[in-house]
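# Structure assessment
The lines below spell out each chain.
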Amino acid sequence: MSVGRRPQTRSNYSLDQRLGLDKTTQGLINAAPLPNRFDASGTDGLNTAGFTFSGAQRERQHDEVIKIDHIFNVKNTIFFRGAWGSQDTNCDNGNSGLPIFPGSGCLINTVREPRNLAA
């Protein structure tokens, strides 16, 4: 009979099984790039390796405006103004949409189609 410590159990699960990380967590760790910066600036003083990169934001904007003014006489005038366009922002930096790591893809793409009329 061997004398030793009995493993702690909780709900029929042995804490001594040492299963490691689950696949989702391990995948996130594997996707993270290795450090490319080894100075202490911007760190907690203990962990001095970090990763720095700049994600690209691309923006396409197209605007059109039309304006019509007509004076019939001193007391009667008319006008019309219209503006429309589109503004598509891929990897929208203003809404925290830049990629986290190179090749990880944009988090947020924003599409705007403003329309304004006045008469």
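For the structure, check the block above.
Here the residue numbering is sequential within each chain, running from 1 through the sequence in written order. In keeping with the predicted nature of the model, local features appear solely for residues at pLDDT of at least 70, side-chain atom pairs appear and are counted solely at 80 or more, and the whole-chain, interface and lining totals rest on all residues. The basis for the side-chain values is all heavy atoms of the structure; hydrogens and waters are excluded.

## Observations concerning the pairing of strand 4 (residues 76–90)
Looking at chain direction, strand 3 (residues 58–73) and strand 4 are connected through 15 bridges and run antiparallel. Bridge assignment links Arg-60 to a residue of strand 4, and that residue is Asp-88. Count of turn residues in the strand 3/strand 4 antiparallel hairpin: two residues. For two strands to pair, DSSP has to find at least two bridges joining them. Numbering of helices and strands runs from the N terminus; a helix is a DSSP stretch of H or I covering at least four residues, while a strand is a stretch of E covering at least two. Judged from the four bridges that link them, strand 4 and strand 6 (residues 115–118) form a sheet pairing that is antiparallel. Within strand 6, the residue paired with Trp-84 across the bridge is Arg-115. Pairing between strand 4 and strand 5 (residues 110–112): three bridges, direction antiparallel. Across the sheet, the residue bridging to Asp-88 is Val-111, located in strand 5.

## Quick look at the state of the cysteines
By definition, a disulfide links the sulfur atoms of two cysteines through a covalent bond. By disulfide we mean two sulfur atoms from cysteines, separated by a distance within 2.5 Å. Scanning the entire structure with this criterion turns up one disulfide. The residue that forms a disulfide with Cys-91 is Cys-106, at a sulfur-sulfur distance of 1.7 Å. Of this pair, Cys-91 sits in the loop between strand 4 and strand 5 while Cys-106 sits in the loop between strand 4 and strand 5, and the two are 15 residues apart along the sequence. Buried residues are those whose accessible area, probed at 1.4 Å on protein chains only, stays under 20% of the maximum for their type, while exposed residues exceed 50% and partly exposed ones sit between those limits. Here Cys-91 falls in the buried class, since its relative accessible area comes to 7%. Overall, Cys-106 belongs to the partly exposed group, its relative accessible area being 36%.

## Here we look at a nonpolar patch on the surface
Like charges within 9 Å and nonpolar side chains (Val, Leu, Ile, Met, Phe, Trp, Tyr) within 5 Å are joined into patches, using only residues over 30% in relative accessible area that form no salt bridge. Computed by Shrake-Rupley with a 1.4 Å probe, the accessible areas treat only the displayed protein chains as cover when residues are assessed. Here, a salt bridge means any side-chain nitrogen of Lys or Arg that lies within 4 Å of a carboxyl oxygen of Asp or Glu. A cluster of nonpolar side chains, namely Ile-66, Ile-68, Phe-80, Trp-84 and Leu-117, defines an oily patch on the protein surface of about 480 Å² accessible area. Contributing elements (two or more residues each) for the nonpolar patch: strand 3 and strand 4. Here Trp-84 shows up in strand 4.

## Some thoughts on the side chain of Asp-92
With respect to the helices and strands, Asp-92 occurs in the loop between strand 4 and strand 5. In this structure the side chain of Asp-92 is engaged in a polar contact, spanning 3.2 Å, whose partner is the backbone nitrogen of Gly-94. The contact definition used throughout considers only heavy atoms, calling two residues in contact when any of these lie within 4.5 Å. Not counting residues within four places of it along the chain, the set of residues in contact with Asp-92 comprises Gln-57, Gly-97, Leu-98, Ile-108, Thr-110 and Arg-112. Counted as a polar contact is a pair of N or O atoms within 3.5 Å, where, for protein atoms, one must be capable of donating a hydrogen and the other of accepting one, and residues adjacent in sequence contribute only when both atoms are in side chains.

## Description of the pattern of salt bridges
On inspection of all chains with the given rule, the structure shows three salt bridges. In this structure, Asp-69 and Lys-67 form a salt bridge, with 3.7 Å as the shortest nitrogen-oxygen distance. The closest approach of N and O atoms between Asp-69 and Arg-81, which form a salt bridge, is 3.7 Å. Of the two residues, Asp-69 is situated in strand 3 and Arg-81 in strand 4; the sequence distance between them amounts to twelve residues. For Asp-69, a relative accessible area of 46% puts it in the partly exposed group. Where salt bridges share partners, they join Lys-67, Asp-69 and Arg-81 into one cluster.

## Side note on unusual backbone geometry
One non-glycine residue, Cys-91, lies in the positive phi region at around 60 degrees. With a phi close to 60 degrees, Ser-96 is a non-glycine residue in the positive phi region. The residue Ser-96 is located in the loop between strand 4 and strand 5 in this model.

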